[in-house]
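Next come the chains, spelled out residue by residue.
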Amino acid sequence: MRVSMIGTGYVGLVTGTCLAEIGHHVICVDNNKDKVESLKNGEIPIYEPGLDPLVKKNVEGGRLSFTTSIEEGVQNSDFIFIGVSTPPKANGQADLSFVAQVAREVASVMDDYKVIVDKSTVPVRTAEKVYETIKRYNSNKIEFDVVSNPEFLREGSAISDFMNPDRIVIGVESERAQKMMEELYAPIKCPLIKTNVKSAEIIKHASNSFLALKISFANALANICELTGADINEVVEGMGHDKRINKHFLNAGIGYGGSCFPKDVSAFIKISEDLGYDFKLLKEVEHINDLQKELFIKKIEETLWVVKDKTIGVLGLAFKPNTDDMRNAPSLDIIKQLEKEGAKVKVYDPVAMPHAKSMLNGTTFSKDVYEVAEGADALVLVTEWDEFRGMDLKRVKELMSHPILIDGRNIFDPKKMEEEGFVYKSVGR
Ligand code: UDX
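Treat the numbers as computed from the prediction; the structure is a model and nothing was measured.

Enquirer: What am I meant to see in the packing of helix α5 (residues 97-109) against helix α6 (residues 126-137) here?
Expert: How two helices pack is summed up by the angle between their axes together with the distance between the axes. It is at 8 Å that the axes of α5 and α6 come closest, and there the two elements cross at 35°. Relative to α6, the crossing made by α5 is right-handed. Contacts between α5 and α6 involve V99, A100, A103, R104, A107 and S108 on the former and, on the latter, T126, V130, T133, I134 and Y137.

Enquirer: Where do I start with helix α10 (residues 232-240) in this structure?
Expert: It helps to recall that an α-helix has 3.6 residues per turn; residues three or four apart then point in one direction. Looking only at α10, the buried set comprises I232, V236, M239 and G240. In a view along the axis of α10, the buried residues occupy a sector of 95°, so they form one face of it. Residues of α10 that are exposed and angled more than 90 degrees away from the buried face: E234 and G238. Packed against the buried residues of α10 are α9 (197-228). The opening residue of α10, the one whose side-chain oxygen lies 2.8 Å from the backbone nitrogen of N233, is D231.

Enquirer: What is the right way to look at the sheet that holds strand β10 (residues 344-348) in this model?
Expert: What holds strands together in a sheet is hydrogen bonding between their backbones, with the strands either parallel or antiparallel. The sheet built from six strands is open, its strands ordered β11-β10-β9-β12-β13-β14 with parallel pairing. Strand pairing shows two members of the sheet lacking a second neighbour, β11 (364-365) and β14 (423-425), which therefore form its edges. Contacts between helix α12 (residues 280-304) and the sheet are confined to β9 (311-315), β12 (378-381), β13 (404-407) and β14, with β13 contributing the most and set at about 165° to the helix.

Enquirer: Help me understand the site of the ligand in this model?
Expert: The ligand sits among 18 residues. The nearest are E155, N251, G257, C260 and K320. Residue G257 places a main-chain N or O atom 2.8 Å away from an oxygen atom belonging to the ligand. Calculation on the ligand without its partners gives an accessible area of 670 Å², and the protein chains cover 93% of this total. Here the shell around the ligand gets three residues from one element, more than from any other, and that element is α9. Split into classes, the residues belonging to the shell around the ligand amount to nine nonpolar, three polar and six charged.

Enquirer: Got a minute to help me understand the environment of T121 in this structure?
Expert: Locating T121 in the fold gives a position in the loop between β5 (114-118) and α6. Once the C-alpha coordinates of T121 and D392 are considered, the two residues, 271 residues apart in sequence, prove to be 42 Å apart. Discounting chain neighbours no more than four positions away, the residues touching T121 are T86, E151, K204, H205, K263 and D264. Reaching out from T121, the side chain makes a polar contact with the side chain of K204 at a distance of 3.4 Å.

Enquirer: Got a minute to help me understand the packing of α9 against helix α11 (residues 261-275) in this structure?
Expert: Axis separation between α9 and α11 bottoms out at 9 Å; the angle between their running directions is 115°. Like other packed secondary-structure pairs, α9 and α11 cross with a definite hand, here left-handed. On α11, the residues that touch I202, K204, H205, A206, N208, S209, L211, A212 and I215 of α9 are F261, D264, V265, A267, F268 and I271. Here the contact of α9 with α11 is built from residues that sort into 10 nonpolar, three polar and two charged.

Enquirer: Looking at this model, I keep getting lost on the domain arrangement of the protein. Mind explaining?
Expert: By a widely used convention, the size of an interface equals the accessible area lost when the partners come together. Its domain assignment divides the protein into domain 1 (2-195), domain 2 (204-285) and domain 3 (291-425). When each unit is reduced to the centre of its C-alpha atoms, the spacing between domain 1 and domain 3 is 38 Å. Across the boundary between the two partners, domain 1 contributes five residues, which contact eight residues of domain 3. Summing both sides of the interface, domain 1 and domain 3 together bury roughly 590 Å²; the carbon and sulfur share of this comes to 47%. Contact with domain 3 buries surface across domain 1, with Y47, E155 and G156 losing the most and accounting together for 82% of the total. For the pair domain 1 and domain 3, the interface holds one salt bridge. In this structure, the salt-bridge partner of R327 is E155, at a minimum N-O distance of 3.7 Å. The interface formed by domain 1 and domain 3 contains two residue pairs in polar contact (both at pLDDT 80 or more). Tallied by class, residues from the side of domain 1 that touches domain 3 come to two nonpolar, one polar and two charged.

The rules behind these values
- Residues numbered from 1 in each chain as written.
- Predicted model: local features only at pLDDT ≥ 70, side-chain atom pairs only at ≥ 80, totals over all residues.
- Heavy atoms only, no water.
- Axes fitted to C-alpha atoms, helices over the stretch in contact; angles between N-to-C directions.
- Helix = DSSP H or I, 4+ residues; strand = E, 2+ residues; numbered from the N terminus.
- Left-handed = near helix turned anticlockwise from the far one by under 90°.
- Contact = heavy atoms within 4.5 Å.
- Buried < 20%, exposed > 50% of the residue type's maximum accessible area, 1.4 Å probe, protein only.
- Arc of directions from axis to C-beta.
- Polar contact = N/O pair within 3.5 Å; in protein donor to acceptor, adjacent residues only side chain to side chain.
- Pairing = 2+ DSSP bridges.
- Near = heavy atom within 4 Å.
- Areas by Shrake-Rupley, 256 points an atom, 1.4 Å probe, with all protein chains shown as cover.
- Nonpolar A, V, L, I, M, F, W, Y, C, P; charged D, E, K, R; others polar.
- Domains from an automatic or database assignment.
- Buried area = accessible area lost by both parts, 1.4 Å probe.
- Salt bridge = Lys/Arg side-chain N within 4 Å of Asp/Glu carboxyl O.

This is the structure in structure tokens:
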């Protein structure tokens, strides 16, 4: 089938490439000329394991191409996916101006029946607005349907999430569009959840908000554990065996970051408010998440007593492992606060350093874990890269001025760290 993916950001590029991989002909459209040029030259603008060879393979196979022309995309496709960004406005609301712009442009060049698919994370009722906009600008009265097909891709494992999803949600109200969507996703074996358009839109917000809620719940529990002498990992293990709860997304630490959870939770709070419902539960999810970073900084301060003039090594910058994404990364707030208090901060991240360089001033970037450890009064672990799990603890200890490790992701065993001679602090243990 023929697909246009408008917007080659994270979701657009991964989804477009994967749709080509399952046999469709995909044209990725973006209005950023430089980006399209780079993509045409095989340069992938994001770090996502496995994406590079998949783009190459599908371009060479003639199923994937890139253009700046919406007209070219739309007129050679049956499906028009809208995958442009919906950044947060100052009040937490999602900015839908890019979606609206695309809807207008698509309407003006449509030449035949099209299924317009909302892929971007958007507030409930956006599909309705997209429908109205296309109808208004559709001067040739071409038939079309608007479908909501939310994405649930995690950065770092987006390709396998696409190929082996827990479910595919399709919000659709026309039989013709439904049949086409079923055919499009036929190669993927998983439950296909068909809903009305508004339910599909809410499913996306509800899913991300619920996962954020689980994380904040675990972080709140971790604080209770610290106050009582319980161990959060043991508590989660005990809870997680109950199938109704399960252990996923209950890892306590320094809170959630990234491009989705912070944005989507605050957007859902705002959407609810606009609808007349005060979603206090979600406000508390956000509050716990902010507090978690503050408590972690406090832990560093208490352990070091005086932060001024201390050399602190930070392990990890990305908001989570296997990505170079620095959006809403807790590392930024932590580093900036330590520097504000007069600490000298050295950092190392396996892939996020090039992105982070423009976001940090005065921070020293190191080539590996051992360069960070050299002369450090403390190490602070912010991102749970496997590389850190496997580091040579003896060597690290010898290189440090003081063997203090404050672990924001609970990746080490406190007993083992004590045996290794570290002053080891983690979260909720
Ligand atoms: C998320 C959703 O998982 C995905 O379905 C959606 O489409 C986009 O948003 P992503 O932002 O890539 O994906 O990351 P995810 O793996 O969900 O982690 C989000 C944040 O939560 C990270 O900062 C991570 O460190 C944190 N987290 C996750 C925890 O603190 N504890 C956990 O148990 C799990």
